[in-house]
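Examining the three-dimensional arrangement
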Amino acid sequence: MVDVPEMFADEVRHQRDALWRMVDEASALAKAGDLPGLRAYADLIRRALEAGNSIDRTGGHLDSNVGDVYAALNDIYDAALPVQRPDDPTDVLDAPWPTASRTALFASIVDHEGWREPPLEPLADRAIDAGDVHLLRLLIRTPLGRARRETVVRVLDALHGVGALDVEIIERAFTDDMYLGNAIVGRSPTDSAARLTPAACAPAVRDYFDELAWRLTSPSEPEWAALPEVLVPRGLRFVLRAVERRTDRRMAVRLGAAELTGDERTALVEHLRDRPAEQQRYAFDLRLPAGDAEVLLPLLGLPGAAPLLRLVRATSTTEAVRQDRSAILAAVRQAGVDGARSLLQLCPSEIVSAALGWNRPAVSKRVKHNALAAIAAFGLLPLADDETVLDRYLALREVAKRGLKLGPNRRHSHAAAVAVALDHLAQVAAFPDASRLEWDCEARIAAEAPGDWHVGDYTVALRLSGAEPLITVSKAGKQLKSVPAAVRTDPRYTEVREHQERVRDQARRMRTGLIERLVATGGTVAADELARLRSLPAGAVLLPALIWEDQAGMIGLLDQVDLDGPVTVVHPLRLYERGLLAHWQAKVVRHRIRQPVKQAFRELYLLTPAERDAVDVSRRFAGHTVDGKVSGQLLSGRGWSTHDQYDEHQATKLITTDITAALVCDLRGYFGGGEVVVGELRFLTAGSVVPLADVPPVAFSEVMRDLDLVVSVAGIDPAGYASPPQAASRVQLLASLIDDLGLERVAVDGTSAVVRGSRATYRVHLNSGSIHVEPGGYLCVVPASFGGTAHRSLFLPFADEDRMTSVILSKVLLLNEDERITDPAILAQLDARG
C-alpha cells in the first residue's frame, strides 16, 4: 500500500478486501449477462468507495490505494457495455461506471484538456436549447464529467418545463449532491443572508422531499439519514412527530424545524399549552432554527422577550458581525434584566452577554485564542472601571498584529473581526463611527509622545524624520551615533521604544491601509476627517504627496485644491481619461515627490478587445501556472478569499457593495496544496454574471492589477511572464526620467529602452531587464549585481517595494554612462563585438 499511516492501515486493507469482493460480484453479473443488475451494482460500488475513503475510516488514504480496483472495474464495464458510437455523447454518457476510456472519449467530445473531470456544461446548453429530454436525463444520471450546481438545476428546470421530471431523476440528482437543495430553494451556501431566486422545479422537488421525509422517519423505516440536506419538510405533522419522539435527537432537530403556516403555529401553541414545561422548552428549542420560536415565549413566561430573541438569533454565528449596541440594550430593557438572563440561559449569545458585561472573563479568554466572534464581542464590552478607550484600542491593535502569523484566509477574517471590534468600541465610547475612534486614538498616541529626558550627561528625545520616528541621544549638545548602555538599561528607554513602534506602526497602517485603499478606490475624504488625519505626524507627511480632486473638479496636490469640502484621492484612470496622466507623472518626478503608494505610476488595466468580444468573462490570465502557496498569500493580502477545488470559484473578492470578482482555478485540494492554474474571471451580482463593460472601470483595473501581480510574482511558467501594464508603467517612469535628467542618449521604443552609449548601442527590455547589444541583437550577459544597487540618479516616485523596476532602470542609467563600466566580464563582451 502507498503511504498509509499505521493507524489507518488495517482499515484500508479491510476496505480493499471488501471492494475486491464487489469486483468479483460485478464480474459474475457481467458473465451472467445481467446488464440491469450490473448497472445497478455500479451505484453500490461508488457509495462503498466514497464511504471507505472518509476521513473517519481511512483518513482519506483509500483512494490512492485502489488503482488496481478501478482498473479491474474499467475492464468489466468496458467489456460488458462497450461504446458503439464514440462521437455520440448520448452513447458515451449512457454508462453506470466512469471508465477511463469513456472519460477520454467524453473529454474529446467537449474539447477538454487537463487532469480535472471534463465539464458537462457544453452538452447541457445544447440539450436545454434543443429540449432533448433523453440527453437531459443522461446528464443527471451519468457518472461521467462534472457539472456546476446551477447547471444541474437548469437541467432539472428544463425537464420540469416539459413534464419529464420524475422521482428517479430527482433522487439521482440528490444522490450525487446532497446539498443541491441550496440551489433549488435559492439559498447561497456561503452567505446565509443572501436570497436568490428559487428554481422553477422547486415545488415538485419539495413535494417529493416531503413524502420521502415522512416515509423514512416512520417507525418502520428509520433510515432517515438518507434524506438530502438543506431542504426542510413542510407541515405540523413533522413538528409533532419530533416533539413526541425525543429519543432520536438528530431526527427531531431535522423535523422540528419544518415550515409551518400561521394556522399551524397557532395549533402548535394550543397543543403545547397544557404540556409539561420540559416539553414546551424542548419544542421551543426545536423551533429556533425555523425562526418562529417566539410564538412559544408566552408559554415560557417571557412575553416581552421577542425582540431580544430576534437579536440573539441574528447574532448566532461564529463569525464577526457588526451589532447595534443601542438595539441590544433596548431589547434587554423590554425583556427586563431577569427575563434577559432567562432567555440567555435558553439561547446563549456571546455578543449580547458582552454588551451587558456579563461574560468579560470568558470573552477575554477566547480572544487570546483568536476566536473571531469573541474578538467582535471584546469591542462591545463596557469599559471597566480602570480602563480607558485608548487602553481598549491598543489592546485591539495587539490582537490585530497576531493575525499576521495566521494563514491567508484566516488572516483576512481575523482583520475583519478586529474591524468589527473597533466599530463596537466606537459605539461603547459614543463615537459616530470606527474611523473617528481610530484616528482620535491615533492622535492621542501622537500627543502622548514622551518629552526629552536625561540619564546622567545624556539627553534622550524622540524626533520625527518625515513619518519615521527616531530616538536621538546627545551629550553636551552633540548627537551620538549609537545609544549608550546607560540609556538602554534605563526603564524610560523601554517606554520610548514602545512609543516609537506605535508611531511607526501608525505610519505603516496609514500607508498600506488607509492610503492604499483610497488610491485603489478613488476614495473621498470629508473636510473634517482630512483635518484629523493631517494632525497626525504620518498624515502630515504622507497625505500632501498624493494627487487630489476637489468638489469643483480641480486636480492638484493637497495645497492646490479646495479643502473646505470633501476631496477625492485621484485614481490614475481619472488622470488617463482627462489626458493628464503624463503631465502628472512628469510633475511628480520633476519635483521629486515620493508618493506613499503607487498613484501617478500605478499600473492601469483597461478592457481588451478580446474581453469586449467575450462580453462577460475575462481570460486574460487563463492558463498561467502559479505557486499555490505564494499566490494564496498574495490574494489574501489584497482582500481575496480563497476556496478549495470543489467550490464553484476558487478565489473571490467583493469589489463594490454588490459586485464580486470570481476566479476559477485548477488546483489540487486548496491553495497551498501545489501548483495552481489560473482560469476564467467573472464578476457576479446576486448570483448573476455582470457584463465586463458594466463593471466600474476603477474596480476592474484593480482586480486585474491583483491578478497580474499574482502571475508576475508567483508564476512558474517555464517561458516566464511579461506583464504589459507593468512594462507600460516602467516606460512612463523612464520617459519622465529622460525628460527630467536630460538623458539625450536614451530613448523609449515600445517596451524597450534604447541606450546609445559611447561603447555600443543597447536595448534593455523593460519587463525582463535583458540587455541586447546592437546591431544583431547580441545578448549581453551581465553579472547579477549589475543594477542591483539603485543608481545615484534614479528616483522612484513611490514608496512601494518594486525592486524589479529599480534594477531595470538602474541598468539603463549605468549603460547611459558605459564609459565608466569597469566590470571585466561586460568589457570583454563589448570588446569581442568590436
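Quick caveat: nothing in here was measured; it's all calculated off a predicted structure.

This part takes up the overall build of the chain. Looking only at helices and strands, one finds 37 helices and 19 strands in the chain. Principal-axis analysis of the C-alpha atoms gives the chain an extent of 95 × 75 × 60 Å. Going through the 834 residues of the chain one by one, you find that 47% of them count as buried. Considering only contacts in the chain between residues 6 or more positions apart, those separated by 24 or more positions represent 62%. For the chain, the exposed surface amounts to about 39700 Å²; the carbon and sulfur share of it is 52%. In the chain, 97 positive and 113 negative side-chain charges are present, and the distance between their average locations comes to 5 Å.

Before going further, it helps to examine the nonpolar core. Counting residues in hydrophobic clusters, the biggest one holds 109 residues, and the most contacted among them are Leu139, Leu156, Ile184, Phe284, Leu308 and Leu343. For this core, the leading source of residues is helix α24 (residues 408–428), giving eight residues. Excluding anything up to four places from it in sequence, Leu308 contacts Ala331, Val332, Ala335, Ala340, Leu343 and Val352. By size, the runner-up hydrophobic cluster in this structure holds 44 residues, among which are Leu604, Val746, Leu813 and Ile826.

In a beta sheet, neighbouring strands pair by backbone hydrogen bonds and run either parallel or antiparallel. Across the sheet, which stays open at both edges, the four strands sit in the order β1-β2-β3-β4 with antiparallel pairing between neighbours. The open sheet has two edge strands with one neighbour each: β1 (453–455) and β4 (478–479). Running over the sheet, helix α27 (residues 491–521) touches β1, β2 (458–465) and β3 (468–475) and is turned about 150° from β3.

A few words on the pairing of strand β16 (residues 752–756). Here β16 lies mainly inside the structure; four of its five residues are buried. Where strand β15 (residues 746–749) meets β16, four bridges bridge the pair, whose relative direction is antiparallel. Bridging across to β16, Val746 finds its partner in Val755. Two strands pair when backbone bridges link them, and β16 and strand β17 (residues 761–765) are joined in this way by five bridges, in the antiparallel orientation. Bridge assignment links Val754 to a residue of β17, and that residue is Arg763.

We now examine the environment of Gly163. Within the element layout of this structure, Gly163 appears in the loop between α9 (149–161) and α10 (167–176). Expressed as a C-alpha distance, the spacing of Gly163 and Val133, which sit 30 residues apart in the sequence, is 9.9 Å.

Moving on to the side chain of Thr217. Here Thr217 is to be found in the loop between α12 (202–216) and α13 (236–244). The exposure class of Thr217 is buried, given its relative accessible area of 1%. In terms of polar contacts, Thr217 uses its side chain to reach the backbone carbonyl oxygen of Ala213, at 2.6 Å.

A word on the environment of Ala183. Here Ala183 is to be found in helix α11 (residues 181–185). Ala183 gets classed as partly exposed once you look at its relative accessible area, which sits at 22%. Along the backbone, Ala183 and Asp490 are 307 residues apart, and their C-alpha atoms lie at a distance of 66 Å. In contact with Ala183, not counting residues within four places along its chain, are Arg149, Val153 and Ala199.

Taken as a whole, this structure holds 60 salt bridges when the rule is applied. In this structure, the salt-bridge partner of Arg366 is Glu350, at a minimum N-O distance of 2.7 Å. One end of the pair, Arg366, is in helix α21 (residues 360–368); the other, Glu350, is in helix α20 (residues 350–355), with 16 residues separating them in the sequence. A salt bridge links Lys598 to Glu603; its shortest N-O distance comes to 2.9 Å. Ionic contacts of the salt-bridge type, sharing partners, join the residues Arg39, Asp94, Arg137, Arg141, Asp166 and Glu168 into one network.

Turning next to the packing of aromatic side chains. Evaluation of the coordinates by the stated rule reveals four aromatic pairs. Consider the rings of Phe683 and Phe700, whose centres lie 6.0 Å apart with planes at 40°: the pair is tilted. Placement of the pair is Phe683 in strand β13 (residues 675–685) and Phe700 in helix α34 (residues 697–714), with a sequence separation of 17 residues. Neither residue differs from the other here; Phe683 and Phe700 are each classed as buried. Linked through ring pairs, Tyr70, Tyr77 and Trp97 together constitute an aromatic cluster. When the ring centre of Trp358 is taken as origin, the NZ or CZ atom of Arg341, which lies over that ring, is 3.8 Å away. Just above the ring of Phe798 sits the side chain of Lys598; from NZ or CZ to the centre is 4.9 Å.

On the basis of which strands lie adjacent, the open sheet formed by four strands has the order β5-β8-β6-β7 and antiparallel pairing. The sheet terminates laterally at β5 (524–525) and β7 (555–556), the two strands that pair on one side only. Across two bridges, β5 lies against strand β8 (residues 567–569) in antiparallel orientation. By the bridge assignment for β8, Thr524 is matched with Thr568.

Detailed reading of the predicted model is not advised wherever pLDDT is low. When pLDDT is averaged along the chain, the result is 88; 96% of the residues meet or exceed 70. Across the chain, strand β6 (residues 548–550) holds the top mean pLDDT of 97, while helix α3 (residues 55–58) sits lowest at 68.

An ideal rise of 1.5 Å per residue puts 30 Å on 21 residues; α24 measures up with 31 Å between its terminal C-alpha atoms. Looking at the residues trailing α24, positive phi occurs at Ala430, about 65°.

Helix length check: helix α36 (residues 803–816), at 14 residues, gives a terminal C-alpha distance of 20 Å against a target of 20 Å (1.5 Å per residue), a fit within 8%. α36 sits mainly inside the fold: eleven of its 14 residues count as buried. Residues Thr805, Ser806, Val807, Ile808, Leu809, Ser810, Lys811, Val812, Leu813, Leu815 and Asn816 constitute the buried set of α36. The secondary structure elements touched by the buried residues of α36 are α35 (724–741), β15, β16, β17 and β18 (771–774).

The rules we used
- Residues numbered from 1 in each chain as written.
- Predicted model: local features only at pLDDT ≥ 70, side-chain atom pairs only at ≥ 80, totals over all residues.
- Heavy atoms only, no water.
- Helix = DSSP H or I, 4+ residues; strand = E, 2+ residues; numbered from the N terminus.
- Buried < 20%, exposed > 50% of the residue type's maximum accessible area, 1.4 Å probe, protein only.
- Contact = heavy atoms within 4.5 Å.
- Areas by Shrake-Rupley, 256 points an atom, 1.4 Å probe, with all protein chains shown as cover.
- Lys, Arg positive; Asp, Glu negative; His and termini not counted.
- Charge placed at Lys NZ, Arg CZ, Asp CG, Glu CD.
- Core = buried A, V, L, I, M, F, W, Y, C linked by side-chain atoms within 4.5 Å.
- Pairing = 2+ DSSP bridges.
- Axes fitted to C-alpha atoms, helices over the stretch in contact; angles between N-to-C directions.
- Polar contact = N/O pair within 3.5 Å; in protein donor to acceptor, adjacent residues only side chain to side chain.
- Salt bridge = Lys/Arg side-chain N within 4 Å of Asp/Glu carboxyl O.
- Phe/Tyr/Trp six-rings, centres within 6.5 Å; stacked < 30°, edge-to-face > 60°.
- Lys NZ or Arg CZ within 6 Å of the ring centre and 35° of its normal.
- pLDDT = per-residue confidence, 0-100.
- Expected span 1.5 Å × (residues − 1).

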